[in-house]
Structures are given as structure tokens and as C-alpha cells.
Amino acid sequence: TPVLEMRDISRRFGNTQALAGVSLRLYPGEVHALLGENGAGKSTLIKIMTGVYQPDSGQILLDGRPVRIGSTLEAQRLGIAAIYQEPLMYPDLNVAENIFIAHAGRGPLVDWGKLYREAEAILAQLDVHLDVRQPARGLSVAAQQTVEIAKALSLQVRVLIMDEPTAALSAHEVEQLFTIVRRLRDQGVAILFISHRLEEVFTIADRITIFRDGRLISSAPRTDVTVAQ
Ligand code: ADP
Ligand code: ADP
């Protein structure tokens, strides 16, 4: 069964029908790419998945059960996280603190030694080598994204939304990010990958879905999609 299913989702802003009856299933261990021109409705769909917007109609199912995602915090608790092209980190906090910021409020007694070891373990799992005591300020965009991914993993992420994650990366950094994406996929994370770079989509995606004018116009396994040379 899909980990996350969007069923017949619609959302309107004034006279703009941003989404018109969109249905989409995200499976564990699958990289699902979303393609579409500006204004096609991709951001709106992501915002509904992360609790920023509510749909006008339609259903969201997690593990086959209907859920309401009322806020980004609720999305996080359900294991739905998003990574953007420009991460927003706390620049004065160090890497470990940024990873565990979402756990703040669990209690006043923080075992820093344990927190650092856990942060190191998560980054090692991603094969990322960062000093967890260094401040986020000064990290490259690529490094900040890996910190965001580590944060998602610390929250037991099941659906990772990546919105144009490669837009600010060098070719080498894209390679490194894709290595991490494949590793997450192999661990069973469902990945929604938004990009308008066809080459990248064909490199990383297992399934390709195309949006136009708030509608899903095509969805197929990558191996069924061919592009004229
Ligand atoms: P995409 O991410 O594919 O570029 P969006 O989801 O951002 O598309 O936008 C889909 C349509 O909905 C666009 O016409 C956009 O202008 C409109 N839209 C999105 N968010 C809002 C909003 N908060 N208020 C008004 N219109 C919006
Ligand atoms: P993107 O590259 O993600 O499509 P945009 O620059 O189109 O970003 O839009 C930035 C944000 O503003 C999006 O999250 C979108 O939902 C929102 N937005 C888009 N169109 C409108 C609009 N007409 N009115 C208000 N907000 C909008």
C-alpha cells in the first residue's frame, strides 16, 4: 500500500483553480518525480501535504487511513518532511542543534554528549562528514540540505518532499545529493522529487508524473517514458 495517498484533491484561490481533482500515490522505496510548468500546482500540492494549506475537497490517506494534516508540525509528526532549494537553518546554532531543534520541548534535561553522538550517527548513515559542533552559518547550501535531511531522519521521516533541491547545487553536489536520495529510497523512504530539469528526473526517478493547469496529465514508471533525442 502507498504510504501517502492524495485522493481527488482540489484547491482554489479566488478564481484560480490551483488543483483540480489530483490523485497521487507515494510508495515506500520509490522516487516519484513531479514535473510541470510554473503555475501547474506543484507548490500547492506540496503545501497541502505539509499542512500549510487545506484542500477544498478530497482525501489524504496515510497507510490507507484518512488523516487531516492541520499544520506543518502535524505533518512532521506523521513523518512528512520537506527540503527546499534554500534551506532555512538557525545560523548561530551548530549542526547537531539544527538537527535536533524539532525535538526541543521534550524536556529540560538534554544529554549533549548523546545528542552529538546521535547527530554523528545519522550523518554517518548518510555518509556525510560534517563537524556536528560547527555553526550552521557558513555551511554550503548542499551541506545545509544534508543537515535538513538528517533532521528529517531524526523524526523518522517516511515521506520526504524535495522541492527543486538541486537548483542551487553544482554538478558534483547534485551527484552527492542523489547518492543520499538513493540511500533513503533503499531504506524505504517515499521521495517526492520536484524538478524541471529533465535530465535529473530521468536519472533519479522511478516514476514520473506530469502536471498541467492543476491536473495530473500523465503518470508512468520512468522506464515507460521515452524522450525523443
Ligand atoms: P507551481 O508550484 O507548479 O508553480 P503553484 O501551486 O505555486 O504552482 O500555483 C498554482 C496556481 O495557484 C497558480 O496560478 C498560482 O498563482 C496560484 N496560487 C498558488 N498559491 C496561491 C495563493 N496563496 N494565493 C493565490 N493564488 C495562489
Ligand atoms: P514556485 O517556484 O514554488 O512555483 P512561486 O514564485 O510561483 O514559487 O510562488 C511562491 C509562493 O507564493 C508559492 O508557494 C505559491 O504557493 C505562492 N503564490 C503563488 N502565486 C500566488 C498568488 N497569486 N498569490 C499569492 N501567493 C501565491
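Rules behind the numbers
- Residues numbered from 1 in each chain as written.
- Chains lettered and ligands numbered in written order.
- Predicted model: local features only at pLDDT ≥ 70, side-chain atom pairs only at ≥ 80, totals over all residues.
- Heavy atoms only, no water.
- Helix = DSSP H or I, 4+ residues; strand = E, 2+ residues; numbered from the N terminus.
- Rg over C-alpha atoms; globule rule 2.2 N^0.38 Å.
- Buried < 20%, exposed > 50% of the residue type's maximum accessible area, 1.4 Å probe, protein only.
- Contact = heavy atoms within 4.5 Å.
- Areas by Shrake-Rupley, 256 points an atom, 1.4 Å probe, with all protein chains shown as cover.
- Lys, Arg positive; Asp, Glu negative; His and termini not counted.
- Charge placed at Lys NZ, Arg CZ, Asp CG, Glu CD.
- Near = heavy atom within 4 Å.
- Polar contact = N/O pair within 3.5 Å; in protein donor to acceptor, adjacent residues only side chain to side chain.
- Salt bridge = Lys/Arg side-chain N within 4 Å of Asp/Glu carboxyl O.
- Axes fitted to C-alpha atoms, helices over the stretch in contact; angles between N-to-C directions.
- Parallel < 35°, antiparallel > 145°, perpendicular 65-115°, else oblique.
- Nonpolar A, V, L, I, M, F, W, Y, C, P; charged D, E, K, R; others polar.
- Pairing = 2+ DSSP bridges.

Asks: Give me the lowdown on the overall build of the protein, citing residues and values where you can.
Replies: Summing up its helical and strand segments, the protein has 7 helices and 10 strands in all. Its C-alpha atoms give the protein a radius of gyration of 18 Å, within 12% of the compact-globule value 17 Å for 229 residues. Counting only C-alpha atoms and orienting by the principal axes, one finds that the protein spans roughly 50 × 45 × 35 Å. Within the protein, the fraction of its 229 residues that count as buried is 47%. For the protein, contacts bridging at least 24 residues in sequence account for 65% of all contacts bridging at least 6. Roughly 11700 Å² of accessible area belongs to the protein as shown, and the carbon and sulfur atoms make up 48% of that amount. Across the protein, the mean location of the 24 positive side-chain charges is 6 Å away from that of the 26 negative side-chain charges.

Asks: A description of the site of ligand 1 should follow, citing residues and the corresponding values.
Replies: The environment of ligand 1 is made up of Phe13, Thr16, Ala18, Glu37, Asn38, Gly39, Ala40, Gly41, Lys42, Ser43, Thr44 and Tyr53. Taking Ser43, its side chain carries an N or O atom lying 2.6 Å from an oxygen atom of ligand 1. Measuring from a nitrogen atom of ligand 1, one finds a side-chain N or O atom of Tyr53 at 2.9 Å. Compared with its free state, where it exposes 560 Å², ligand 1 has 63% of that area covered by protein. Within the residue set of the shell around ligand 1, elements represented by two or more residues are β2 (16–26) and α1 (42–49).

Asks: Please give an account of the environment of Ala168 that cites residues and values.
Replies: Mapping Ala168 onto the fold places it in the loop between β7 (159–163) and α6 (171–186). For Ala168, a relative accessible area of 34% corresponds to the partly exposed category. Between the C-alpha atom of Ala168 and that of Ala40, which follows or precedes it by 128 residues, the distance is 22 Å.

Asks: Can you lay out the pattern of salt bridges for me, pointing to particular residues and giving the numbers?
Replies: Charged atoms that come close allow side chains of opposite charge to pair. Tallied over the entire structure, the rule returns 9 salt bridges. Note that Arg185 and Asp206 form a salt bridge whose closest N and O atoms lie 3.5 Å from each other. With Arg185 in helix α6 and Asp206 in the loop between α7 (198–204) and β9 (207–212), the pair connects residues that are 21 residues apart, well separated along the chain. Shared partners join several salt bridges into a network, and the residues in it are Glu5, Arg7 and Arg25.

Asks: Account for the packing of helix α5 (residues 141–154) against α6, naming residues and giving values.
Replies: Between α5 and α6, whose axes approach to 11 Å, the crossing angle comes to 10°. Relative to α6, α5 is oriented roughly parallel. Contacts between α5 and α6 involve Ala142, Gln145, Thr146, Ile149 and Leu153 on the former and, on the latter, Glu173, Leu177, Ile180 and Leu184. A breakdown of the residues in the contact of α5 with α6 according to their chemical character gives 6 nonpolar, 2 polar and 1 charged.

Asks: Can you lay out the sheet that holds β2 for me, pointing to particular residues and giving the numbers?
Replies: Taken in spatial order, the 4 strands of this open sheet run β2-β1-β4-β5, and their pairing is antiparallel. Edge positions in the open sheet fall to β2 and β5 (65–66), since each of these has one partner strand only. Direction of pairing for strand β1 (residues 4–13) relative to β2: antiparallel, over a ladder of 7 bridges. Its bridge partner lying in β2, Phe13 is registered against Thr16.

Asks: Outline the environment of Val157, listing residues and values.
Replies: You can see Val157 is positioned in the loop between α5 and β7. A relative accessible area of 10% means that Val157 is categorised as buried. A C-alpha to C-alpha distance of 9.9 Å links Val157 and Gly188, two positions 31 residues apart in sequence. With residues near it in sequence (within four places) discarded, Val157 still touches Gly79, Ala81, Ala152 and Val189.

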